[in-house]
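So you can see what is in the structure, the chains are spelled out below.
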Amino acid sequence: DLSELAGGRTLFLVESNHQLQEALRERFKAKGFRVLLAVDPLRALDRFRQQPYDVLIVDAENAGEDGMLVFEQVMNEARDKRSPCVGIMVLGEEQADLAGQVGRRPNVKVLVRPVSWKKLRGSLYDLLGEEDKEDE
């Protein structure tokens with residue numbers, strides 16, 4: 001059962017690019033994650049409040065300021081609830097200067113485009129404190 005790989009973890013992806021959504025959904029599913037998708041970052045916050053998930057990935061290049069605000073909100077609530085949620089914020093090249101605005105926490109990584117699948121995956125496993133068993 002694939003879900004055993006990631007320990008049956010749930011990953012929430014905020015991404016408005018449909019092709020990227022599908023590609024990432026397939027890749028994370030293959031890694032055993034249950035993948036939830038939304039274009040609207042507020043859906044990620046609502047969902048976290050109803051049922052906390054394990055991983056939040058926000059493409060802030062597409063989700064903009066709302067995406068960044070929701071990311072911070074979810075990470076703050078995760079801390080307050082002592083939830084083990086980890087987060088990855090993906091910024092566009094022209095947003096690189098915003099990286100410093102993302103709260104520094106041991107459970108958060110900020111990546112600036114271009115971001116390869118290998119780098120995204122490696123960052124995720126790093127945050128989860130697990131070994132990435134795939135080498136490309």
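J.: How should the packing of aromatic side chains be read in this particular structure?
T.: Note on aromatic pairs: each is described by the distance of the centres and the angle between the planes. In the structure shown here, the tally under the stated rule is four aromatic pairs. Considering the side-chain rings of F28 and W117, the 5.0 Å spacing of their centres and the 70 degrees angle between planes classify their relative orientation as edge-to-face. With F28 in helix α1 (residues 18-30) and W117 in helix α4 (residues 117-128), this pair connects stretches of sequence that are 89 residues apart. Residue W117 is classed as buried on the basis of its relative accessible area of 11%. Between F48 and Y53 the ring centres are 5.2 Å apart and the planes differ by 75 degrees, which places this aromatic pair in the edge-to-face class. Grouping residues by exposure puts F48 and Y53 together as buried. The rings of F12, F48 and Y53 are connected pair by pair, giving a single aromatic cluster.

J.: How should the sheet that holds strand β2 (residues 34-38) be read in this particular structure?
T.: Within a sheet, adjacent strands bond to each other through the backbone by hydrogen bonds, running parallel or antiparallel. Strand order in the open sheet formed by five strands is β2-β1-β3-β4-β5, with parallel pairing between adjacent strands. A single partner strand is all that each edge strand has here, and the edge strands are β2 and β5 (108-112). Averaged over neighbouring strand pairs, the angle between their axes works out to 15 degrees when direction is ignored. Looking at chain direction, strand β1 (residues 10-14) and β2 are connected through five bridges and run parallel. Its bridge partner lying in β2, L13 is registered against L37. Across the sheet, helix α2 (residues 41-50) lies against β1, β2 and β3 (55-59), angled at about 155 degrees from β1, the strand it touches most.

J.: I would appreciate a short explanation of the confidence of the model for the protein chain in the present structure.
T.: Predicted coordinates in regions of low pLDDT should not be interpreted in detail. Residues of the protein chain with pLDDT of at least 70 account for 93%, and the chain-wide mean is 91. Put simply, helix α3 (residues 60-80) is where the protein chain has its lowest mean pLDDT, 94, and β1 is where it has its highest, 98. Counted against residues more than four places away or in other chains, residues 1-5, with its pLDDT under 50, gives eight contacts.

J.: Hey, could you run me through the environment of V115 in this one?
T.: Note that V115 resides in the loop between β5 and α4. On the accessibility criterion, V115 (25% relative accessible area) is partly exposed. Residues V115 and G92 lie 23 residues apart in sequence; the distance between their C-alpha atoms is 9.4 Å. Setting aside chain neighbours within four positions, we find V115 in contact with V90 and L120.

J.: Teacher, can you tell me more about the pattern of salt bridges here?
T.: Where charged atoms of side chains with opposite charge meet at close range, the side chains can pair. Scanning all chains against the criterion turns up eight salt bridges. Between R113 and D59 there is a salt bridge, with its nearest N and O atoms 2.8 Å apart. Linking R113 in the loop between β5 and α4 with D59 in strand β3, this pair joins segments that are 54 residues apart in sequence. What makes R113 partly exposed here is its relative accessible area of 23%. With its nearest N and O atoms 2.4 Å apart, the salt bridge here joins E61 to R113. On the criterion of sequence distance, the pair formed by E61 in helix α3 and R113 in the loop between β5 and α4 is long-range, its members being 52 residues apart. Connected through salt bridges with shared partners, the residues D59, E61 and R113 form a single ionic network.

The rules behind these values
- The residue numbers shown here count from 1 along each chain, following its written sequence.
- Owing to the predicted nature of the model, reporting of local features is limited to residues with pLDDT of at least 70; listing and counting of side-chain atom pairs is limited to 80 or more, with chain, interface and lining totals taken over all residues.
- With hydrogens and water excluded, all non-hydrogen atoms of the structure serve as input to the side-chain values.
- Between rings of Phe, Tyr and Trp, where Trp is taken as its six-membered ring, a pair exists when centres lie within 6.5 Å; planes separated by under 30 degrees are stacked, by over 60 edge-to-face, and by other angles tilted.
- Helix and strand definitions follow DSSP, with helices as H or I runs of at least four residues and strands as E runs of at least two, each counted in order from the N terminus.
- Only protein chains enter the accessibility calculation, which uses a 1.4 Å probe; a residue whose area is less than 20% of its type maximum is buried, one above 50% is exposed, and one in between is partly exposed.
- Two strands are counted as paired when DSSP detects at least two bridges linking them.
- For helices, the fitted axis covers only the stretch in contact; all axes are lines through C-alpha atoms, and the angles between them, taken along N-to-C directions, range from 0 to 180 degrees.
- Any two residues whose heavy atoms approach within 4.5 Å at even a single point are treated as in contact.
- Each residue carries a pLDDT score, the predictor's own confidence in it, on a scale running from 0 to 100.
- Here, a salt bridge means any Lys or Arg side-chain nitrogen found within 4 Å of an Asp or Glu carboxyl oxygen.

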